[in-house]
Amino acid sequence: MSDGILDEAYERLHRTGPEYQGWLSNHGPMAVEALARHGHQQRVHRWLDDYLGRLDELPRGLRPIDDWRAALGDATRAGDWLAYFDRQLRERPWREVLGTWWPRLLPGIAAGATHGVIRVGHAVRALDPAGASPQRLAELGQALGYWAARWQPVPGADRLLDPVRAAGASGQSLAAEAGQPDTDGVDVATALAGLPRIDDQSGGILARLGRLPGVPRWEPALTALRPARTPAEAERRLATLVHRAGLDYLRFGHAAPVMLVHAVTAPTAVLRTLPALDRALWAPSLAAAWAATAAVTSVYAPTDGITPPTVPAATPAEVFARAARHGDAHVVKLADAVLDAHTATGDDRLLTAAGYAGQLI
């Protein structure tokens, strides 16, 4: 990756806010990191030239963050959160800041339609192992600040996610901390297949998530996934979640081509962040990623999937090149995610997901 081009892109983007036109997420930092990662540095500044015009200015702060618990999820404090993490990352090593805040933010993984965690995942990948340039540290701070400002739990996930802070501090598995036997539950594929759907699939994600508590099968389905007994098992199961969610995009993506991308990219971001975290946080991270994918699937996917149109075969490099030419941030980010999954699994079906998204979006 060309460090200079990505750092230049971050400098341009850090004059803008994390959202625009109300609460649409600023996808710029995520997209340019993916473009640079896959060798398309020559497209980065041209892509930004087209994208920056839609963005809002960096929000101003109101007052310093003192009681962080009270300020979580308060979007009016976005400027304060950005300033808070900028200061934290100037004063402390970035891994220490991330390790402190990851378990605090995980229960609010639905933040910004999961873009909070997705942006953090891209920022961490840019830092590790490339190094901690000022621009990359600033990007991690803006990503964490956005997540904190839009912090939002997945409805019904309290049983899974309330113990995250305690689990991370004590080193216990999430299953033990939550009082759930490690042997209970089903595998990832079965859990995904068992997810119910909301009846009224209209409106934005906030309205849709608000309907989940009214679905009788939602909470049993959400807690059906077998908890990970070890960090290694959590990592394997998280990789499986990304793999299966990528295949599900081929079946369900036609119903919500943009929003169902996040069922893949959110767990991918969590998986990418694991190496920078204490291993005691890996099992809670799986639980949070599962909650995010499950929620997005339940509120956007149809009950019955379809067989998607045939997408021309391509190598991984060609898949990303097509996504880069397409230019939509969601197509770029999905290609980036499914290429990771393809590298891990060798499943060529994943390579068609990005091309399919390009046809739909």
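In the nomenclature of an unreviewed UniProt entry, the protein chain corresponds to DUF4243 domain-containing protein from the organism Micromonospora acroterricola.

Student: A description of the overall build of the protein chain should follow, citing residues and the corresponding values.
Tutor: The number of helices and strands found in the protein chain is 20 helices and two strands. The C-alpha radius of gyration of the protein chain comes to 19 Å, within 12% of the 21 Å expected for a compact globule of 361 residues. Along the first, second and third principal axes, the C-alpha set of the protein chain runs to 50 × 45 × 35 Å. Here the protein chain, with 361 residues, has 56% of them falling under the buried criterion.

Student: An account of the packing of aromatic side chains is needed here, citing residue identities and associated values.
Tutor: Across all of its chains, the model carries 11 aromatic pairs by this definition. Judged by centre distance (5.2 Å) and plane angle (70°), the rings of Trp68 and Trp101 are edge-to-face. Of this pair, Trp68 sits in helix α4 (residues 68-71) while Trp101 is found in helix α6 (residues 94-105), placing the two residues 33 residues apart along the sequence. Assessed through its relative accessible area of 10%, Trp68 is described here as buried.

Student: Outline the pattern of salt bridges, listing residues and values.
Tutor: In the structure shown here, the tally under the stated rule is 17 salt bridges. Between Glu139 and Arg119 there is a salt bridge, with the nearest N and O atoms lying 2.7 Å from each other. Taken together, the positions of Glu139 in helix α8 (residues 134-149) and Arg119 in helix α7 (residues 115-127) put the pair 20 residues apart, joining distant regions of the chain. Neither Glu139 nor Arg119 differs from the other in exposure class; each is buried. One salt bridge connects Glu233 with Arg237, and the closest N-O pair in it is separated by 2.2 Å. Note that Glu233 and Arg237 are positioned in helix α15 (residues 231-252) at a spacing of four residues, about one turn of the helix. For the pair Glu233 and Arg237, one class covers both residues: buried.

Student: So what's going on with helix α5 (residues 78-91)? Which residues, and what values?
Tutor: The terminal C-alpha atoms of α5 lie 20 Å apart, and with 14 residues this matches the ideal 20 Å at 1.5 Å per residue to within 8%. Where α5 is concerned, the buried positions are Ala78, Gly79, Asp80, Trp81, Leu82, Tyr84, Phe85, Gln88 and Leu89.

Student: Any chance you could break down the packing of α5 against α8 for me, citing the residues and the numbers?
Tutor: Where α5 meets α8, the axes come as close as 8 Å, and the angle between the chain directions of the two elements is 140°. The angle between α5 and α8 places the two elements in the oblique class. The handedness of the crossing between α5 and α8 comes out as right-handed. Residues Ala78, Trp81, Leu82, Phe85 and Leu89 of α5 form the contact with α8, whose participating residues are Leu137, Leu140, Gly141, Gln142, Leu144, Gly145, Tyr146, Ala148 and Ala149. Partitioning the contact of α5 with α8 into residue classes produces 11 nonpolar, three polar and no charged.

Student: I'd like a description of the confidence of the model for the protein chain, backed by residues and values.
Tutor: Per-chain confidence: the protein chain averages 92 in pLDDT, with 93% of residues scoring 70 or above. Per-residue pLDDT stays below 50 along residues 165-183; that stretch engages in 40 contacts with residues further than four places along the chain or on separate chains.

Student: Break down unusual backbone geometry for me, with residues and values.
Tutor: Phi angles above zero are rare outside glycine, and Gln21 is one such case at about 50°. Within the fold, Gln21 resides in the loop between β1 (19-20) and β2 (24-25). Positive phi, normally seen in glycine, also occurs at Ala113, with a value near 55°. Note that Ala113 resides in the loop between α6 and α7.

Rules and cut-offs
Each chain carries its own residue numbering, running from 1 in the direction its sequence is written. Thresholds applied to this predicted model are a pLDDT of at least 70 for local features of residues and 80 or more for the giving and counting of side-chain atom pairs; totals over whole chains, interfaces and linings are not thresholded and use all residues. Each side-chain value is worked out from all heavy atoms of the structure, with water and hydrogens disregarded. Only DSSP runs of H or I with at least four residues qualify as helices, and only runs of E with at least two residues qualify as strands; both kinds are numbered from the N terminus onward. Based on C-alpha atoms, the radius of gyration is set beside the globule rule, defined as 2.2 Å times the residue count to the power 0.38. A simple rule labels every residue: compare its accessible area, found with a 1.4 Å probe on the protein chains alone, to the largest value its type can have, and call it buried under 20%, exposed over 50%, or partly exposed in between. Any two of the Phe, Tyr and Trp rings considered here, Trp counted by its six-membered ring, make a pair once their centres fall within 6.5 Å; the pair's planes then place it as stacked at under 30 degrees, edge-to-face at over 60, or tilted in between. Take a side-chain nitrogen of Lys or Arg and a carboxyl oxygen of Asp or Glu: if they are within 4 Å of each other, that pair is a salt bridge. Expected helix span is given by 1.5 Å per residue-to-residue step, counting one fewer step than there are residues. Every angle, taken between N-to-C directions, lies between 0 and 180 degrees, and every axis is a line fitted to C-alpha atoms, over only the stretch in contact when it is a helix. Roughly parallel means an angle under 35 degrees; roughly antiparallel, over 145; roughly perpendicular, 65 to 115; everything else is oblique. Should the near helix be turned anticlockwise from the far one by less than a right angle, the crossing is termed left-handed; should it be turned clockwise, right-handed. Residue contacts are counted whenever heavy atoms from the two residues lie within 4.5 Å of one another. Residues were grouped as follows: Ala, Val, Leu, Ile, Met, Phe, Trp, Tyr, Cys and Pro as nonpolar; Asp, Glu, Lys and Arg as charged; and all remaining residues, including Gly, as polar. Confidence scores here are pLDDT values: one per residue, from the predictor, ranging 0 to 100.

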